[in-house]
Structure formats: C-alpha cells, structure tokens
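If you want the building blocks of each chain, they are given just below.
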Amino acid sequence: MFEGTVQAYGNNPEGDMDKILLRSEKREIWLHFPPHTARQVIEAAPLHATVSVQTDRRGPTGPGADHRCELKALKNNSSNTEIILSDISPPAPSAGTEAEVRGNAAHDLEIGTSPGNTFMLSKKQISLPPHMAEELLPLIRRAGNIVVKGKMRDSTQGFVSASGHPVIQATLVQLDSISYKIR
C-alpha cells in the first residue's frame, strides 16, 4: 500500500491517459493503468487529491514498457471513493463512427514537440500508426489544406485523451491534393 498526492497524469504515444504521478514525503512514483480505465481513475483521483493505492511492482510488459509500477486499486482518502481496476472491463471492439475533419495548416493545425503519433486538427485529436506518423508529420507541417477521414472513438468507453478532445483514428489523410491511405 502506498499513499501520496496526485501530481500529474501522463499519456501514451497515442495520446491516451495511462499513468498517474503520486508524491509522498519520501518519493515520487509513476503508476501505469490501462487506458480504458482513465475516466474512472481521473474521477476518483483528481489533481492534488490524497490517495492510497495498491500496485503490482512488475509493471507493464512488452515493447515500450518501462519500469513503472502497475496500478491495481485506488482509494481517495477524503471522499472514500474506491476503484479496483480489474473490475473495469475493457470495452468491446468497436469500429467507431465515420468522421471527416478539414482544416488549414496555418490556422487549424497543432503538432506538439514531444514524440507521439497524434496531432490536432480543427479541435480533433488525430491518431496515426507510429510508422505513418513518422513519415506524414513532416509533410503535414508543410501542407496547406488538410483533410482527415477516419473513425471517431466512442467517448463512453473510459478512455481520456490528453488533449481532452475527441480522438479520430485516421484511415486517410489528404494533404493539399495528395491522398495517403493509412494502414
């Protein structure tokens, strides 16, 4: 059991919140949680709340995993709100809703400086596969008009984007008159 104050939330390269930074008198620690549990974690543990947590020291595994601990359960010490992450089922696979976003690079485009697979266009967060982001983001920066077609994720599934805006998984990106099919 670890007790600390919520200092920040972090996100994965796709822009989904998936970690919480806690500070105690002795240390700071990042705790990873599955992205589909983000809404419940953030509601139970807002910034500056004091919480008690149960963790698994093994942390996440697989490509890109670091040495954080895995969050298993969380209790807000002032509201007594408690969540057990294993009780939150992942959402059923869903294709999402068809969406199209248009914008002008000079007025409607925001590309962050940190590594990631996303950019903002007309207040929508656009997510690209890593291999496509690497190739397309430099071209997107130089484009005039941008059109993105894709699938908008269901906002009721528990995911929270770092931007706070709807997330669209791109299937096609059109830069001026050139179209790029996203696979």
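Please refer to the structure higher up on the page.
Here the structure is a predicted model, which means the values were calculated and not measured.

**Student:** Please explain the pattern of salt bridges as it appears in this structure.
**Tutor:** When the charged atoms of two side chains with opposite charge come close together, those side chains can pair. Using the criterion set out here, one finds five salt bridges in the structure. Asp18 is paired through a salt bridge with Lys19; the nearest N and O atoms lie 2.8 Å apart. Classification of Asp18 as buried rests on a relative accessible area of 6%. Between Lys151 and Glu98 there is a salt bridge, with its nearest N and O atoms 2.6 Å apart. Of the two residues, Lys151 sits in strand β11 (residues 145–152) while Glu98 sits in strand β7 (residues 97–104), which places them 53 residues apart along the sequence. Classification of Glu98 as exposed rests on a relative accessible area of 58%.

**Student:** What's the story with helix α3 (residues 130–142) in this structure? I'm lost.
**Tutor:** The terminal C-alpha atoms of α3 lie 19 Å apart, and with 13 residues this matches the ideal 18 Å at 1.5 Å per residue to within 8%. Of all the bends in α3, the largest measures some 40° and sits at Leu136, one to four residues before the proline Pro138. Those residues of α3 that are buried are in contact with α2 (105–108), β8 (109–110), β9 (118–121), β11, β12 (167–175) and β13 (178–181).

Rules of the game
Residues numbered from 1 in each chain as written. Predicted model: local features only at pLDDT ≥ 70, side-chain atom pairs only at ≥ 80, totals over all residues. Heavy atoms only, no water. Salt bridge = Lys/Arg side-chain N within 4 Å of Asp/Glu carboxyl O. Buried < 20%, exposed > 50% of the residue type's maximum accessible area, 1.4 Å probe, protein only. Helix = DSSP H or I, 4+ residues; strand = E, 2+ residues; numbered from the N terminus. Expected span 1.5 Å × (residues − 1). Bend = angle between axes of the 7 residues up to and from the residue. Contact = heavy atoms within 4.5 Å.

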